[in-house]
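Chain by chain, the residues:
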Protein chains: 2
Amino acid sequence: MEKVRLDPEILPPMPVTLVGAMGAGRPNFMAAAWVTRVGHKPPLIGVSINHRQLTGQGIRESGAFSLCLPGPELVEKTDYCGLVSGRKADKAALFDVFFGEVAAAPMIRQCPLCLEMTLFQAVDLPHHTFFIGEIKAGWADGDILTGGKPDVAKYKPLLLTMPDNRYWTLGDHVADAWNAGKALKKGEPQ
Amino acid sequence: MEKVRLDPEILPPMPVTLVGAMGAGRPNFMAAAWVTRVGHKPPLIGVSINHRQLTGQGIRESGAFSLCLPGPELVEKTDYCGLVSGRKADKAALFDVFFGEVAAAPMIRQCPLCLEMTLFQAVDLPHHTFFIGEIKAGWADGDILTGGKPDVAKYKPLLLTMPDNRYWTLGDHVADAWNAGKALKKGEPQ
């Protein structure tokens, strides 16, 4: 099929998170989906944050942040945390806030899975900073684990698509990674 | 609920892509899911690639790469592209390769949605490089568009979860972003 040319404002589906950081002297949370793991050893994860955001300022000042994964029942509160600045509203009042091992990385007890990070590197870009954190620990509700690991069928992460701006759940299990392609590998020239 | 402490090897669901770059003198593709948008103006997207990979070398040499989004019907070939090095196999032979406006950014006609980038910045990390590209154009099959924009209900992107290492489709539409939280916003102190 011939391809149609599109403008660049395209985003693959991305995980919805609430980024926790200290801001204006209190725990603050913003919604963000421009998130990815970027390294193994140490375990690194990054989130891109607009220069305007209080959260970026908080991460720079404290050297710490968290990423909490809300389920569908938190979609309204999560979206609200993307609509309103922590300079104007005490968004932490919406949640039970807890801390783990990293000072200044507030997390949300209502989120079934949270990660806490120390700041590893801040990559300055034209309108955003990509904050790379070193994951120090994860914190999960016991009932979302299978064999001691987070099970997406139980914790029901949200995904964001743009430019249609919609939240989604995860769907069906299609195949297993580092496995589904093995049959093709057998047939390859050695 | 009390939280259970987990080791840091956790990944939220991430979009599965095939990264296209020139390598060993020919188009080459590797599977990668550590991908996120990181900027608006210019439109920036990044992918984290292990230092061992031929793809990283190709991106550095050519200053270009692509990200193509496979659907479920390509899951075996996609997984194969994560199992085998382009130094050993001609992975481009699996696909119809095309080029858009960026030289040295090979794309896959069987993928319903592809993006082509010039290299904007390479962020060196301990075992990976986070390659940030400036998106020059998207290329889509006409039948995956709704109102001229890619429609995930039609192009059926794959997601990867780790450490369980499974591929998934996207599920149900939960709510609309920058909208679902408006009711909460109305109730906030002004």
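None of the values given here were measured: they were computed from a predicted structure. (Residues numbered from 1 in each chain as written. Chains lettered and ligands numbered in written order. Predicted model: local features only at pLDDT ≥ 70, side-chain atom pairs only at ≥ 80, totals over all residues. Heavy atoms only, no water.)

**Let's talk about the overall build of chain A**
Right, on to step 1. The helix and strand inventory of chain A stands at four helices and 15 strands.
Right, on to step 2. Burial status across chain A gives 59% buried among its 190 residues.
Right, on to step 3. Intrachain contacts of chain A at a sequence separation of at least 6 include 60% that bridge at least 24 residues.
Right, on to step 4. Accessible surface, chain A: about 7,300 Å² in total, of which carbon and sulfur atoms supply 50%.
Right, on to step 5. The averaged location of the 20 negative side-chain charges in chain A is 3 Å from the averaged location of its 20 positive side-chain charges. (Helix = DSSP H or I, 4+ residues; strand = E, 2+ residues; numbered from the N terminus. Buried < 20%, exposed > 50% of the residue type's maximum accessible area, 1.4 Å probe, protein only. Contact = heavy atoms within 4.5 Å. Areas by Shrake-Rupley, 256 points an atom, 1.4 Å probe, with all protein chains shown as cover. Lys, Arg positive; Asp, Glu negative; His and termini not counted. Charge placed at Lys NZ, Arg CZ, Asp CG, Glu CD.)

**A short note on the pairing of strand β6 (residues 44-50) of chain B**
Within a regular strand, side chains alternate between the sheet's two faces.
Residue and element names in this part refer to chain B.
Right, on to step 1. Along β6, seven of the seven residues are buried, which leaves the element largely enclosed by surrounding structure.
Right, on to step 2. In β6, alternate side chains face the same way, and those of Leu44, Gly46, Ser48 and Asn50 on one face and Ile45, Val47 and Ile49 on the other are all buried.
Right, on to step 3. Bridge count between β6 and strand β11 (residues 128-141): seven bridges; the pairing is antiparallel. Paired with Ser48 across the bridge in β11 is Phe130. (Pairing = 2+ DSSP bridges.)

**Examining the nonpolar core**
Right, on to step 1. Ranked by internal contacts, the top residues of the largest apolar core, which has 54 residues, are A:Val19, A:Val47, B:Val19 and B:Val47.
Right, on to step 2. Discounting chain neighbours no more than four positions away, the residues touching A:Val47 are A:Val19, A:Ala32, A:Trp34, A:Val35, A:Phe65, A:Leu67, A:Thr129, A:Phe130 and A:Phe131.
Right, on to step 3. Formed by 26 residues, the second largest nonpolar core is a distinct cluster that contains A:Val16, A:Leu160, A:Tyr167 and B:Leu11. (Core = buried A, V, L, I, M, F, W, Y, C linked by side-chain atoms within 4.5 Å.)

**Brief notes about the side chain of B:Thr36**
Right, on to step 1. In this structure, B:Thr36 sits in strand β5 (residues 35-39).
Right, on to step 2. Reaching out from B:Thr36, the side chain makes a polar contact with the backbone nitrogen of A:Val35 at a distance of 3.1 Å.
Right, on to step 3. Filtering out sequence-adjacent residues up to four positions away, B:Thr36 remains in contact with A:Met14, A:Ala33, A:Trp34, A:Val35, A:Thr36, A:Phe130, B:Ile45, B:Gly46 and B:Phe130. (Polar contact = N/O pair within 3.5 Å; in protein donor to acceptor, adjacent residues only side chain to side chain.)

**Here we look at the interface of chain A and chain B**
Right, on to step 1. Every contact between the two is made by 102 residues of chain A and, on the other side, 102 residues of chain B.
Right, on to step 2. Roughly 9,000 Å² of surface becomes buried between chain A and chain B when both sides are summed, with 68% attributable to carbon and sulfur atoms.
Right, on to step 3. If you sort the residues of chain A by the area they bury against chain B, A:Lys3, A:Arg37 and A:Trp178 come out on top, with a joint share of 9%.
Right, on to step 4. On the surface where chain A and chain B come into contact, there are 10 salt bridges.
Right, on to step 5. In this structure, A:Glu101 engages B:Arg5 in a salt bridge whose closest nitrogen and oxygen atoms are separated by 2.5 Å. (Buried area = accessible area lost by both parts, 1.4 Å probe. Salt bridge = Lys/Arg side-chain N within 4 Å of Asp/Glu carboxyl O.)

**Brief notes about the environment of B:Leu69**
Right, on to step 1. Mapped onto the fold, B:Leu69 is located in strand β7 (residues 64-69).
Right, on to step 2. In sequence terms B:Leu69 and B:Cys111 are 42 residues apart; their C-alpha atoms lie 5.6 Å from each other.

**Notes on a positive patch on the surface**
Right, on to step 1. On the surface, a cluster of positive charge is contributed by A:Lys88, B:Lys182, B:Lys185 and B:Lys186.
Right, on to step 2. Summarising the element assignment, B:Lys182 is placed in helix α4 (residues 182-186). (Patch = residues over 30% accessible without salt bridge, like charges linked within 9 Å, V, L, I, M, F, W, Y side chains within 5 Å.)

**Considering the relation of the copies chain A and chain B**
Right, on to step 1. Rotating chain A by 180° and moving it 0.0 Å along the rotation axis overlays it on chain B with an RMSD of 0.0 Å. The superposition of one copy onto the other is thereby described by a two-fold rotation axis. Using C-alpha coordinates, one finds that chain A approaches the rotation axis most closely at A:Gly171, a distance of 1.7 Å.
Right, on to step 2. Of the residues that chain A buries at the interface, 100% are likewise interface residues in chain B, meaning the two copies contact each other through the same surface. (Least-squares fit on C-alpha atoms with pLDDT ≥ 70 in both.)

**Details of the sheet that holds strand β2 (residues 11-15) of chain A**
Right, on to step 1. Pairing within the open sheet is antiparallel, and its six strands lie in the order β2(A)-β14(A)-β15(A)-β15(B)-β14(B)-β2(B). The sheet is open, and its two borders are formed by β2 of chain A together with β2 (11-15) of chain B, each paired with just one other strand. Each neighbouring strand pair of the sheet contributes to a mean axis angle of 40°, computed without reference to strand direction.
Right, on to step 2. Across three bridges, the pairing between strand β14 (residues 159-162) of chain B and strand β15 (residues 166-176) of chain B is antiparallel. Residue pairing in the sheet places B:Thr161 in a bridge with B:Arg166 of β15(B). (Axes fitted to C-alpha atoms, helices over the stretch in contact; angles between N-to-C directions.)

**Let's talk about the packing of aromatic side chains**
All names here are of chain A.
Right, on to step 1. On inspection of all chains with the given rule, the structure shows three aromatic pairs over all chains.
Right, on to step 2. Seen in terms of ring centroids, Phe29 and Phe95 are 5.8 Å apart; in terms of plane orientation they differ by 80°. Their pairing is edge-to-face. Of this pair, Phe29 sits in strand β4 (residues 26-32) while Phe95 sits in the loop between α2 (75-83) and β8 (97-98), placing them 66 residues apart in sequence. (Phe/Tyr/Trp six-rings, centres within 6.5 Å; stacked < 30°, edge-to-face > 60°.)

**Digging into the environment of B:Gln110**
All names here are of chain B.
Right, on to step 1. By the secondary structure assignment, Gln110 is in the loop between β9 (107-108) and β10 (113-124).
Right, on to step 2. With near-sequence residues (within four places) excluded, Gln110 lies in contact with Glu73, Leu74, Phe95 and Asp96.
Right, on to step 3. Here Asp96 takes part through its backbone nitrogen, which lies 3.0 Å from a polar atom of the side chain of Gln110.

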